[in-house]
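Below, each chain spelled out in residue letters.
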Amino acid sequence: MIYFTTSNRQIAAALRHRLGLKAAPPSLPFPLYEREGALLCLSGPDPLDIASGVSALLAARPGGKNLLLISLEEGIPLESGRCPREWTLCTGFCGKDGRPWYPDILAAHPFFEGGAAWEAPDQTAYWLFRDPGAWALVRAASHFLAPHQILCLRCAGLEEGLAKEPFRRLTDWCLQADRLLCQRTPVLTDREEETIRQLAGSMFLSHTMTLQLRQLLIYQKLSRGSLEEGLSGFLEQLKMEPCQNKREGKTAFEQLRQHILL
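It should be emphasised that the depicted structure is a prediction, and the values quoted were computed from it without experimental measurement.

### Quick word on helix H2 (residues 47-60)
Since the α-helix advances by 3.6 residues per turn, residues separated by three or four positions end up pointing in the same direction.
Here is step 1: Counted at 1.5 Å a residue, the expected span for H2 with its 14 residues is 20 Å, and the 20 Å between its end C-alpha atoms agrees.
Here is step 2: Among all positions of H2, only Ile 50, Ala 51, Gly 53, Val 54, Leu 57 and Leu 58 are buried. Along the axis of H2, the buried positions cluster into a sector of 160°, meaning they face one direction only. With respect to the buried face of H2, the exposed residues turned more than 90 degrees away are Leu 48 and Ala 59.
Here is step 3: Next to the buried residues of H2 lie strand S1 (2-6), strand S3 (32-35), strand S4 (38-42), strand S5 (68-74) and helix H3 (132-141).

### A closer look at the domain arrangement of the protein chain
Here is step 1: Looking at the assigned domains, one finds that the protein chain contains domain 1 (2-182) and domain 2 (190-260).
Here is step 2: Between the C-alpha centres of domain 1 and domain 2 the distance comes to 30 Å.
Here is step 3: The interface is formed by eight residues belonging to domain 1 together with six residues belonging to domain 2.
Here is step 4: Of the roughly 680 Å² buried between domain 1 and domain 2, counting both surfaces, carbon and sulfur atoms make up 59%.
Here is step 5: For domain 1, the biggest contributors to the area lost against domain 2 are Asp 104, Leu 106 and Leu 180; these three give 72% of the whole.
Here is step 6: On inspection of domain 1 and its partner domain 2, the count reaches one residue pair in polar contact (both at pLDDT 80 or more).
Here is step 7: Residue composition of the side of domain 1 that touches domain 2, grouped by class: five nonpolar, one polar and two charged.

### Some remarks on the side chain of Lys 221
Here is step 1: Its location among the elements puts Lys 221 in helix H7 (residues 207-224).
Here is step 2: Of the polar contacts made by the side chain of Lys 221, one reaches the side chain of Glu 192; its length is 2.9 Å.
Here is step 3: Apart from the residues lying within four places of it in its own chain, the contact partners of Lys 221 are Val 187, Leu 188, Thr 189, Glu 192, Ser 226 and Leu 227.

### Quick notes on the nonpolar core
Here is step 1: Core analysis: the largest hydrophobic core is formed by 57 residues, its most contacted members being Phe 4, Ile 70, Leu 72, Trp 87, Leu 153, Met 203 and Leu 213.
Here is step 2: With eight residues, helix H5 (residues 164-181) is the single largest residue contributor to this core.
Here is step 3: Residue assignment places this core across two domains, with domain 1 (2-182) and domain 2 (190-260) each supplying three or more.
Here is step 4: If we skip the residues at most four places from it in the chain, Phe 4 touches Leu 15, Leu 19, Leu 39, Leu 40, Cys 41, Ile 70, Leu 72 and Cys 174.

### Notes on the environment of Glu 74
Here is step 1: Summarising the element assignment, Glu 74 is placed in strand S5.
Here is step 2: Residues within four places of Glu 74 in sequence aside, it is in contact with Asn 8, Ile 11, Arg 154, Cys 155, Ala 156 and Leu 158.

### Section: unusual backbone geometry
Here is step 1: The backbone of Phe 204 shows a phi angle near 55°, a positive value even though the residue is not glycine.
Here is step 2: By the element assignment, Phe 204 lies in the loop between helix H6 (190-202) and H7.
Here is step 3: Its relative accessible area of 37% is what places Phe 204 among the partly exposed residues.

### Some words on the packing of aromatic side chains
Here is step 1: Evaluated as defined, the whole model comprises five aromatic pairs.
Here is step 2: Arranged with centres 6.0 Å apart and planes meeting at 35°, the rings of Phe 93 and Trp 101 form a pair that is tilted.
Here is step 3: Residue classification places Phe 93 among the buried residues on the basis of a relative accessible area of 2%.
Here is step 4: Residues Tyr 102 and Trp 127 carry aromatic rings whose centres are separated by 6.2 Å and whose planes lie at 45° to one another, so their mutual orientation is tilted. Of this pair, Tyr 102 sits in the loop between strand S7 (100-101) and strand S8 (112-117) while Trp 127 is found in strand S9 (residues 127-130), placing the two residues 25 residues apart along the sequence.
Here is step 5: Residue Tyr 102 is classed as partly exposed on the basis of its relative accessible area of 46%.
Here is step 6: A network of ring pairs unites the aromatic residues Tyr 102, Tyr 126 and Trp 127 as a single cluster.

Conventions we followed
- Residues numbered from 1 in each chain as written.
- Predicted model: local features only at pLDDT ≥ 70, side-chain atom pairs only at ≥ 80, totals over all residues.
- Heavy atoms only, no water.
- Helix = DSSP H or I, 4+ residues; strand = E, 2+ residues; numbered from the N terminus.
- Expected span 1.5 Å × (residues − 1).
- Buried < 20%, exposed > 50% of the residue type's maximum accessible area, 1.4 Å probe, protein only.
- Arc of directions from axis to C-beta.
- Contact = heavy atoms within 4.5 Å.
- Domains from an automatic or database assignment.
- Buried area = accessible area lost by both parts, 1.4 Å probe.
- Polar contact = N/O pair within 3.5 Å; in protein donor to acceptor, adjacent residues only side chain to side chain.
- Nonpolar A, V, L, I, M, F, W, Y, C, P; charged D, E, K, R; others polar.
- Core = buried A, V, L, I, M, F, W, Y, C linked by side-chain atoms within 4.5 Å.
- Phe/Tyr/Trp six-rings, centres within 6.5 Å; stacked < 30°, edge-to-face > 60°.

Okay, structure coming up:
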């Protein structure tokens, strides 16, 4: 299941038309539109409205591991002329306290990348959007979903972003990411699950990093057809020269992630 959320009526109208979403019976303080496999929540623009909307939605209609939440909004540039006038995937977030958060992005994508901040922690070109709503959304949604299930995309040039072809590419990718990241049926065999447990042990991975490893290898299998396609050399090397501590394990995990995602 894929949940879209936006406070922008133009984006909501474009999504309803593109995906064939119909008004749902009133059940939340915000309008809902849906079809089989997809739902749109139209919230208010205030960060509190955004946080309330996503919290109410996920509490009333929990999706667990089978859910992908995607926030689509018009991007407000931190500096004029810095933001590309097309869809950008937010790969970092920063709140009022100035502490940035960088969730892992486990799906390959065709978008620009940049940060969305309530208040940017530094003046680097990475931080593109002034977006308290993005921080409010990821904080609220993180009480219900894993980080890889929450995606935020912003577009500084909404007229260009909602044009037929760019918007079609955006929605096609969203639906593909939903299929890749949130499976309804088991993807991995018992043997493959055991392989993941052995890999996690050999790299001294924590429980959280083991879950990240599993998601990476699900993506690997779905995109390439096999857990080992293109990785046999890396896996054999790891078997011959196992990691000796957590530091080496983190290095090996990052190398594996680069092999899969790049």
